[in-house]
Amino acid sequence: MRKVAMLLAFAVFSAGVISCGQVSSQRTYEGAGVGAAVGAAAGAILDKNNRWRGAVIGGALGAVLGGTITEIAQRAATEAAMANKPVEYRSEDGRQRVYAEPVASKGNCKIVKTNYYQDGKLVKTEEREVCP
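Everything numeric here is computed off the predicted structure, so don't read it as measured data.

S.K.: Give me the overall build of the chain: which residues, what numbers.
M.R.: Summing up its helical and strand segments, the chain has three helices and four strands in all. When its helices and strands are written in sequence order, the chain yields α-α-α-β-β-β-β. For the chain, with 132 residues in total, the buried portion stands at 33%. Surface summary for the chain: the accessible area is close to 8600 Å², and the carbon and sulfur share equals 60%.

S.K.: Can you break down the pairing of strand β3 (residues 109-118) residue by residue, with the values?
M.R.: In terms of residue burial, β3 counts as a mostly covered element, since eight of its ten residues are buried. Both strand β2 (residues 96-106) and β3 contribute to a ladder of ten bridges, which runs antiparallel. Bridging from a neighbouring strand, Lys106 pairs with Cys109 of β3. In sequence, β2 turns back onto β3 through a hairpin of two residues, with Gly107 there showing a positive phi of about 65°. Alignment of β3 against strand β4 (residues 121-130), held across nine bridges, turns out to be antiparallel. What sits directly across from Tyr117, in β4, is Leu122. Hairpin connection between β3 and β4: a loop of two residues separates the two successive antiparallel strands, and Asp119 in this loop has a positive phi of roughly 50°.

S.K.: Give me the state of the cysteines: which residues, what numbers.
M.R.: Between two cysteines, a covalent bond joining their sulfur atoms is known as a disulfide. According to the stated counting rule, one finds one disulfide in the structure shown. With its sulfur 1.8 Å from that of its partner, Cys109 forms a disulfide with Cys131. The chirality of the disulfide connecting Cys109 with Cys131 is right-handed, given an S-S dihedral of about 105°. Pair noted here: Cys109 is in strand β3 and Cys131 is in the segment after β4, with a separation of 22 residues, a long-range link.

S.K.: Could you give me a rundown of the pairing of β2, with the residues and numbers involved?
M.R.: Two elements, strand β1 (residues 87-90) and β2, share four bridges in a ladder whose sense is antiparallel. Bridge assignment links Tyr89 to a residue of β2, and that residue is Val98.

Reading guide: rules and limits
- Residues numbered from 1 in each chain as written.
- Predicted model: local features only at pLDDT ≥ 70, side-chain atom pairs only at ≥ 80, totals over all residues.
- Heavy atoms only, no water.
- Helix = DSSP H or I, 4+ residues; strand = E, 2+ residues; numbered from the N terminus.
- Buried < 20%, exposed > 50% of the residue type's maximum accessible area, 1.4 Å probe, protein only.
- Areas by Shrake-Rupley, 256 points an atom, 1.4 Å probe, with all protein chains shown as cover.
- Pairing = 2+ DSSP bridges.
- Disulfide = S-S within 2.5 Å.

So this is what it looks like as structure tokens:
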């Protein structure tokens, strides 16, 4: 019981850090929420001895990773639009990559195509409008 209480305290603390830190857009919140849900589900499935513990740990880690990836993609899109040239971010181990490229203009705004890669494979593409 004590371990569960400590894990819940960690999760609450992590959520507070996320909400006070670099999380700056609605999309980042959404990415953190999706990451938390996926992480909690995966953690509950993987920790057969204590599913609650797995869910809490997985949810906390998923929220941080989901929010971070979303924030990096938003930053890449903004930088690509402002510089009017492609921008790329890679993880230190090289397994994840975000590539943002301006593809069109719409008034004062730029349409930026963002590609997400995992282990060299394209896993997601999205276009967003970035305005100054």
